[in-house]
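If you want the building blocks of each chain, they are given just below.
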Amino acid sequence: MTDIINTIKQVLVNNGAENVYSSFDSLPIEAKGRFFTVIGIKKLEYSKPVYSEFTIYMPFRTEIEISILAPLSTSIDKMYSYYKSKVRDSIQNMAGLNTCISDISVKQDKNISHFVLKVTVSADGIRKIEREQEDADE
């Protein structure tokens with residue numbers, strides 16, 4: 001699960017997104033910056049693995065939750081523009097991961113005084129795990 005989150009985080013950073021965090025990050029909101037993005041996993045399912053001599057292939061399906069947070073003084077247009085330019089295209093063009101945006105919403109969270117643009121992305125792919133090889137000498 002953390003592999004998927006870290007991969008998405010790196011893709012977003014490479015596309016120019018700043019202040020990108022994992023949902024497991026414990027840094028307080030005040031330290032995350034004015035605009036920041038949080039990536040989490042809502043659901044993760046692995047299918048039956050396929051074994052080859054040196055590799056295990058693990059098909060999976062997941063629901064990724066990406067939240068963009070901004071102060072209440074930020075316009076919704078500015079948040080959506082940021083999402084389109086820094087997040088949407090990055091996620092849709094990730095190598096090795098088939099993605100589809102399944103939900104998008106914007107809400108005001110008065111508890112933290114921020115707008116939250118939340119996107120749920122359905123994705124599937126195959127995780128490749130290298131198997132350890134036994135030495136012929138043993």
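One structure accompanies this document, and this report is about it. (Residues numbered from 1 in each chain as written. Predicted model: local features only at pLDDT ≥ 70, side-chain atom pairs only at ≥ 80, totals over all residues. Heavy atoms only, no water.)

So, the nonpolar core
Inference 1: Counting 26 residues, the largest nonpolar core has Ile-8, Leu-12, Ile-64, Ile-68 and Ile-91 as the members making the most contacts within it.
Inference 2: For Ile-64, the residues in contact, after removing those within four places along its chain, are Ile-4, Ile-8, Ile-39, Gly-40, Ile-41, Leu-97, Val-119, Thr-120, Val-121 and Ala-123.
Inference 3: In terms of nonpolar packing, the next biggest core, distinct from the first, is built from five residues, Tyr-21, Val-38, Leu-69 and Val-116 among them. (Core = buried A, V, L, I, M, F, W, Y, C linked by side-chain atoms within 4.5 Å. Buried < 20%, exposed > 50% of the residue type's maximum accessible area, 1.4 Å probe, protein only. Contact = heavy atoms within 4.5 Å.)

Quick notes on helix α1 (residues 2-14)
Inference 1: Its 13 residues give α1 an end-to-end C-alpha distance of 18 Å, which sits within 8% of 18 Å, the value for a rise of 1.5 Å per residue.
Inference 2: Buried residues along α1 sit against β1 (20-22), β2 (36-46), β4 (55-71) and α2 (76-92).
Inference 3: With its phi angle positive at about 100°, Gly-16 sits one or two positions after the end of α1. (Helix = DSSP H or I, 4+ residues; strand = E, 2+ residues; numbered from the N terminus. Expected span 1.5 Å × (residues − 1).)

Remarks on the environment of Arg-61
Inference 1: If you trace the backbone, Arg-61 turns up in strand β4.
Inference 2: Given the relative accessible area of 54%, Arg-61 is considered exposed.
Inference 3: Sequence-wise, Arg-61 and Leu-44 are 17 residues apart; in three dimensions their C-alpha atoms are separated by 5.9 Å.
Inference 4: Beyond its immediate stretch of four places on either side in the chain, Arg-61 contacts Lys-43, Leu-44, Glu-45, Ala-123 and Asp-124.

So, to be careful, I would describe these as geometric facts and stop short of saying anything about function.
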